[in-house]
Number of protein chains: 2
Amino acid sequence: MRALPPTTVARLPGYLRSLGGLASEGVTTTSSDQLAELVGASPAQLRKDLSYLGAGGRRGVGYEVDHLRRQIAQALGMAEERQVVIVGIGNLGHALATYSGFADRGFVLVGLFDTHRDLVGTTVGGHEVQHVDHLERVIEETEASIAVVATPGSAAQATTDRLVAAGITGILNFAPRTVRVPDGVDVREVDLGSELQILGFHARQRSVAPAPAPADGAPVAASPVAAAD
Amino acid sequence: MRALPPTTVARLPGYLRSLGGLASEGVTTTSSDQLAELVGASPAQLRKDLSYLGAGGRRGVGYEVDHLRRQIAQALGMAEERQVVIVGIGNLGHALATYSGFADRGFVLVGLFDTHRDLVGTTVGGHEVQHVDHLERVIEETEASIAVVATPGSAAQATTDRLVAAGITGILNFAPRTVRVPDGVDVREVDLGSELQILGFHARQRSVAPAPAPADGAPVAASPVAAAD
DNA sequence: CAATGTGAATTATTTCACAGCC
DNA sequence: GGCTGTGAAATAATTCACATTG
């Protein structure tokens, strides 16, 4: 019918996580109120999101936890295995390579790559680090479709170009640089520095503004906090 | 006069990064077209974002790079130093602790914490890892306002509660669990697993749908790709 | 004349509120 | 009676398009 709004897609993994928590506690049925509380969303938003999936909640009863999990998992493509490569095995790449969350989400790590002589040949998280020279060959052989870029910023765009040329269609970019990709390729940018700066913005607001709005009382009439000073 | 939309705030770090790139190439003046191309946004959006800041662009000319940088940096609170603590020095926490981007963005690392006996006392990125027992004291003494949570998911909420009680007002949460905070505290959730799953969703779309929409031709009439099957 | 700044139009997202079903 | 599903309303974000200005 209709495509899922991107905002909905972005919330599904969180729903799935909370449902997993419920399941492990033996809960078999839940409600939009309960689940919304767990994920920190509004019940209405949750119901709307789930309705896009055609998640068969029963009125007066709620949602069946297991069924909902399967449905979200399927929407997220977790039914099929996806091969993932990581390029750039520095501190962050190392941490990502040893991240335990790949397997249980249907992702299979099929290659680690770097250019540094002293890294190539070492084993990280059970995988041997290969030289990026072999990138294209490995991607072809393993049919990898997703890549994690954890290179220095200076290498991010060139790396991305090679990955795309080799057939990668989804890129998770941790390098502190926005990478450009052609249509049809999907990028998610994750940048620690940017996240900190966003927190910094709010921290500044707090220090410039008087009070951060009392829990739910008087609406702090028109505080003259301009963006710049 | 008006507050910046959150979406605008989230884009500012990227603008700042690209402006830094321009500056290091010796560029002194730029246009919304040029900058938009660099950051991957539309020129109109860029102009609107910058206009919120009161960024004094000159019509017919463009923006002065240095001035714009200062203005964005100030909006993001980079003028003041902010003290940051990291809780959870596993693989990821270790990588974050050695991340070089703190200093140049006005963030000062003032404490690393963990519970593991064999980690406490070791030095990571020039800082000694302390036991979380000392968390409250250090936050008070250093006046830290921002915390990075890189604990296992099971410890994330309890850690967050302690941080908030100790006065932290901004939290960057890498643990795979949504944490709840009271009003007035700011949280950014960053979860590798979720990001991968979002990429997984699009990968599935590609495999289920025929073609990923030709660059700009026939609009692929009503592809019957429902969310679930 | 080139490029910003910005109201107006458009599109997307969230919230409301209630009918419908269990 | 309780809780979902969903149109309709409200809000937010983006894009358009053009008057404005150096």
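Residues numbered from 1 in each chain as written. Chains lettered and ligands numbered in written order. Predicted model: local features only at pLDDT ≥ 70, side-chain atom pairs only at ≥ 80, totals over all residues. Heavy atoms only, no water.

Under an unreviewed UniProt entry, the name given to chain A is Redox-sensing transcriptional repressor Rex, and the organism recorded is Cellulomonas hominis. UniProt's Sequence similarities (unreviewed entry) comment on chain A is quoted here verbatim: "Belongs to the transcriptional regulatory Rex family." Under Subunit (unreviewed entry), UniProt gives the following word-for-word description of chain A: "Homodimer." (UniProt positions renumbered as here; feature names shortened; annotations may be inferred.)

Caption draft 1: Examining the pairing of strand β3 (residues 82-87) of chain B more closely. All names here are of chain B. Counting buried residues in β3 gives six out of six residues, a clear majority hidden from the surface. In β3, alternate side chains face the same way, and those of R82, V84 and I86 on one face and Q83, V85 and V87 on the other are all buried. As paired strands, β3 and strand β4 (residues 107-114) are joined by six bridges and run parallel to one another. Note on β4: the bridge partner recorded for R82 is F107. In the classification by handedness, the crossover that spans β3, the intervening helix α5 (residues 91-97) and the parallel β4 is right-handed. Looking at chain direction, β3 and strand β7 (residues 146-149) are connected through four bridges and run parallel. Paired with V87 across the strands is V149, a residue of β7. (Buried < 20%, exposed > 50% of the residue type's maximum accessible area, 1.4 Å probe, protein only. Helix = DSSP H or I, 4+ residues; strand = E, 2+ residues; numbered from the N terminus. Pairing = 2+ DSSP bridges. Right-handed = clockwise from strand over helix to strand, strands pointing away.)

Caption draft 2: Representation of the pattern of salt bridges. This structure, assessed with the given rule, holds 14 salt bridges over all chains. Across the pair R188 of chain B and E195 of chain A runs a salt bridge, and its minimum N-O distance is 2.5 Å. Here E195 of chain A lies in helix α8 (residues 192-208) and R188 of chain B lies in strand β9 (residues 186-189), a pairing that spans two chains. For R188 of chain B, a relative accessible area of 25% puts it in the partly exposed group. Among the ionic pairs, D49 of chain B bridges to R11 of chain B, the shortest N-O distance being 2.7 Å. With D49 of chain B in helix α3 (residues 43-53) and R11 of chain B in helix α1 (residues 6-24), this residue pair connects regions lying 38 residues apart in the sequence. (Salt bridge = Lys/Arg side-chain N within 4 Å of Asp/Glu carboxyl O.)

Caption draft 3: Inspection of the interface of chain A and chain B at higher detail. Listed per partner, the contact involves 67 residues of chain A and 67 residues of chain B. The largest contributions to the chain A side of the interface with chain B come from R17, Q197 and L199 of chain A, which together make up 11% of the buried area. Of the charged contacts, one joins E37 of chain B and R180 of chain A as a salt bridge, the two residues approaching to 3.8 Å between their closest N and O atoms. Our count for the chain A to chain B interface comes out at 23 residue pairs in polar contact (both at pLDDT 80 or more). Those elements that place two or more of their residues in the side of chain A that touches chain B are α1 (6-24), α2 (32-39), α4 (65-75), α5 (91-97), β8 (170-173), β9 (186-189) and α8 of chain A. Classifying every residue of the side of chain A that touches chain B by side-chain character gives 35 nonpolar, 17 polar and 15 charged. (Contact = heavy atoms within 4.5 Å. Buried area = accessible area lost by both parts, 1.4 Å probe. Polar contact = N/O pair within 3.5 Å; in protein donor to acceptor, adjacent residues only side chain to side chain. Nonpolar A, V, L, I, M, F, W, Y, C, P; charged D, E, K, R; others polar.)

Caption draft 4: Inspection of the nonpolar core at higher detail. Core analysis: the biggest nonpolar cluster contains 40 residues, and I86, L112 and L172 of chain A together with I86, L112 and L172 of chain B have the highest contact counts within it. If sequence neighbours within four positions are ignored, L172 of chain A has contacts with A147, V148, V149, R188 and V190 of chain A together with L192, E195, L196 and L199 of chain B. (Core = buried A, V, L, I, M, F, W, Y, C linked by side-chain atoms within 4.5 Å.)

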